[in-house]
Amino acid sequence: MGERQRQEAQVIPLRGRQTTGRPRPLPEKRTPSQAPAEPTPIRPLPHSPGQGLGSGIRQGLAGALSFARKRLTGDYQIDEFGFDKDLTDTVILPPLKAVYDKWFRVETLGTDNLPATGGALIVANHSGTLPIDSVMMGVAVHSNTQPNRHLRMLGADLVFQTPILGALARKTGQTLACMDDAERLLCSGELVGVWPEGFKGIGKPFKERYKLQRFGRGGFVAAALRTGVPIIPASIVGAEEIYPKIGDLKPLARLLGLPYFPITPTFPLLGPLGAIPLPTKWYIEFGTPIRTDQHTPTDADDPATVFNLTDQVRETIQQTIYRLLDHRQGIFRG
């Protein structure tokens, strides 16, 4: 056998194997004094976004089925004003809450001033060409009270004379802005919302933004005095810029029976797209309640008392608006 063949026949030991021929030591037996090793704890699986989405879909489906069952069986209630709480909570409020959170990014201040029980009259400024500010305030009240309370808004006759809109307003708890309905709601412990500027406030030109208009004759103050409920001044900033009103087609407004027909930078130029509100940054602040239980119901017939309280509410709202305007960094970014 040649040298090369002897090298190929040579056995090359594997690395780490005993090659000396010594016996391999047996593993040591564990004595009773040695505790077994603790198992490695199982780590929880990371939360998957799909799990939360699936849970939300299941909850939404369950809610929809429950709502459908109640509608089919008639297992729901409607109060004397036509308010359908089940419809409002299940169908109307969820999309409005998405607009409130994602589109306008509303920040609420002074929510501790909203009572958990009992009646109160919330008085706010009105602006924005279309009454979206009142809708967003309703969402703010519902989202910041425990249990969730509904704002019963007092609306103009035009709202209830408009097809579909009038029926929807009734279903969501709104009623005519008349003294009798306001007092009945307040006496039953409801939160009532009123916008004393009316169409003068919501339809004012953009150049007059955030300047409060006249507060009518103070009928809201008289209602609060007769029922003894507190008046909560509320200030809204951000609504003025959603539809900047730069003109008014008065002949067309008269033809349609409207208080005004607005012209904005996007409407009617862009057609239906012009009806989409601009995504401005909103602030809603609920001020310190103004007590009326220190007065007597007969003070509602005293013009001086009514005027003084009306002026106090209006001035509180105006000064709060100025402060919020100084606070925000921009129209769209707060």
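Small disclaimer: the values here were computed from a predicted structure and weren't measured.

Q: Could you clarify how one ought to interpret the overall build of the protein in this entry?
A: Helix and strand counts for the protein come out as eleven helices and nine strands. A burial count over the protein gives 38% of its 334 residues as buried. Considering only residue pairs separated by 6 or more positions, the protein has 76% of its internal contacts joining residues 24 or more positions apart. In the form shown here, the protein has an accessible surface area of approximately 20,400 Å², with 58% of it arising from carbon and sulfur atoms.

Q: Just to check I follow, could you spell out helix H11 (residues 303–327) for this structure?
A: An α-helical segment advances 3.6 residues per turn. Residues three or four places apart therefore align on the same side. Helix length check: H11 (25 residues) gives 36 Å between terminal C-alpha atoms against 36 Å at 1.5 Å per residue, within 8%. What H11 keeps buried is the set Thr305, Val306, Leu309, Thr310, Val313, Ile317, Gln318, Thr320, Ile321 and Leu324. If you follow the buried residues of H11, they end up packed against strand E1 (107–109), strand E2 (120–124), helix H9 (219–227), strand E6 (231–237) and strand E9 (283–286).

Q: I would appreciate a short explanation of the nonpolar core in the present structure.
A: Among the nonpolar cores identified, the biggest contains 30 residues, and Leu121, Val123, Phe220 and Val313 are the most heavily contacted of them. The set of elements that each furnish at least two residues to this core consists of E2, helix H7 (179–187), strand E5 (191–194), H9, E6 and H11. Contact partners of Val313, with chain neighbours within four places excluded, come to Val123, Phe215, Phe220, Ile231, Pro233 and Ile290. Leu93, Ala124, Trp195 and Ile242 belong to the second-largest nonpolar core, a separate cluster that totals 27 residues.

Q: I'm lost on the sheet that holds E2 in this one. Help?
A: Strand-to-strand pairing in sheets goes through backbone hydrogen bonds, with the strands running parallel or antiparallel. Read from one edge to the other, the open sheet built from seven strands follows the order E1-E9-E6-E2-E5-E3-E4, with strand pairing classed as mixed. Looking along the sheet, the strands with just one partner apiece sit at the ends: E1 and strand E4 (175–176). Relative to E9, E1 is paired through three bridges, and the arrangement is parallel. The partner of Leu109 across the bridge, within E9, is Glu285. Here H9 sits on the sheet and contacts E2, E5 and E6; the angle it forms with E2, its principal contact strand, is near 165 degrees.

Q: I'm lost on H7 in this one. Help?
A: Among the residues of H7, Asp181, Ala182, Glu183, Leu185 and Leu186 are the ones counted as buried. Taken together, the buried residues of H7 touch E2, strand E3 (151–155), E4, E5 and H9.

Q: Which parts of the structure should I look at to understand a nonpolar patch on the surface?
A: A cluster of nonpolar side chains, contributed by Val99, Trp103, Leu269, Leu270, Leu273 and Ile276, occupies part of the molecular surface with about 590 Å² of accessible area. Of note, Leu273 is situated in the loop between strand E8 (262–263) and E9.

Q: Quick question: what am I supposed to make of the packing of aromatic side chains here?
A: One pass over the structure, following the stated rule, counts three aromatic pairs. Ring centres 6.1 Å apart and planes at 75 degrees place the aromatic pair Phe215 and Phe220 in the edge-to-face group. For Phe220, a relative accessible area of 8% gives the class buried. Taking the ring centre of Phe160 as reference, the NZ or CZ of Arg170 above it sits at 4.8 Å. Over the ring of Tyr283 we find Lys281, and its NZ or CZ is 5.6 Å from the ring centre.

Q: Help me understand empty space enclosed by the protein, please; the structure alone is not making it clear to me.
A: To find leftover empty space, a probe the size of one water molecule is rolled over the atoms. Counted under the stated rule, the structure contains one cavity of 30 Å³ or more. Here the largest cavity defines a volume of roughly 50 Å³. Around the largest cavity, the lining residues are Gly128, Thr129, Ile202, Lys204, Pro205, Phe206, Glu240, Tyr243, Pro244 and Lys245. The class makeup of the residues in the lining of the largest cavity is five nonpolar, two polar and three charged.

Reading the values: the criteria
Residues numbered from 1 in each chain as written. Predicted model: local features only at pLDDT ≥ 70, side-chain atom pairs only at ≥ 80, totals over all residues. Heavy atoms only, no water. Helix = DSSP H or I, 4+ residues; strand = E, 2+ residues; numbered from the N terminus. Buried < 20%, exposed > 50% of the residue type's maximum accessible area, 1.4 Å probe, protein only. Contact = heavy atoms within 4.5 Å. Areas by Shrake-Rupley, 256 points an atom, 1.4 Å probe, with all protein chains shown as cover. Expected span 1.5 Å × (residues − 1). Core = buried A, V, L, I, M, F, W, Y, C linked by side-chain atoms within 4.5 Å. Pairing = 2+ DSSP bridges. Axes fitted to C-alpha atoms, helices over the stretch in contact; angles between N-to-C directions. Patch = residues over 30% accessible without salt bridge, like charges linked within 9 Å, V, L, I, M, F, W, Y side chains within 5 Å. Salt bridge = Lys/Arg side-chain N within 4 Å of Asp/Glu carboxyl O. Phe/Tyr/Trp six-rings, centres within 6.5 Å; stacked < 30°, edge-to-face > 60°. Lys NZ or Arg CZ within 6 Å of the ring centre and 35° of its normal. 1 Å grid on protein atoms, 1.4 Å probe; cavity = no way out; pocket = protein on both sides within 12 Å on 5 of 7 lines; lining within 4 Å. Points joined across faces, edges and corners; volume = space filled by probe spheres on them. Nonpolar A, V, L, I, M, F, W, Y, C, P; charged D, E, K, R; others polar.

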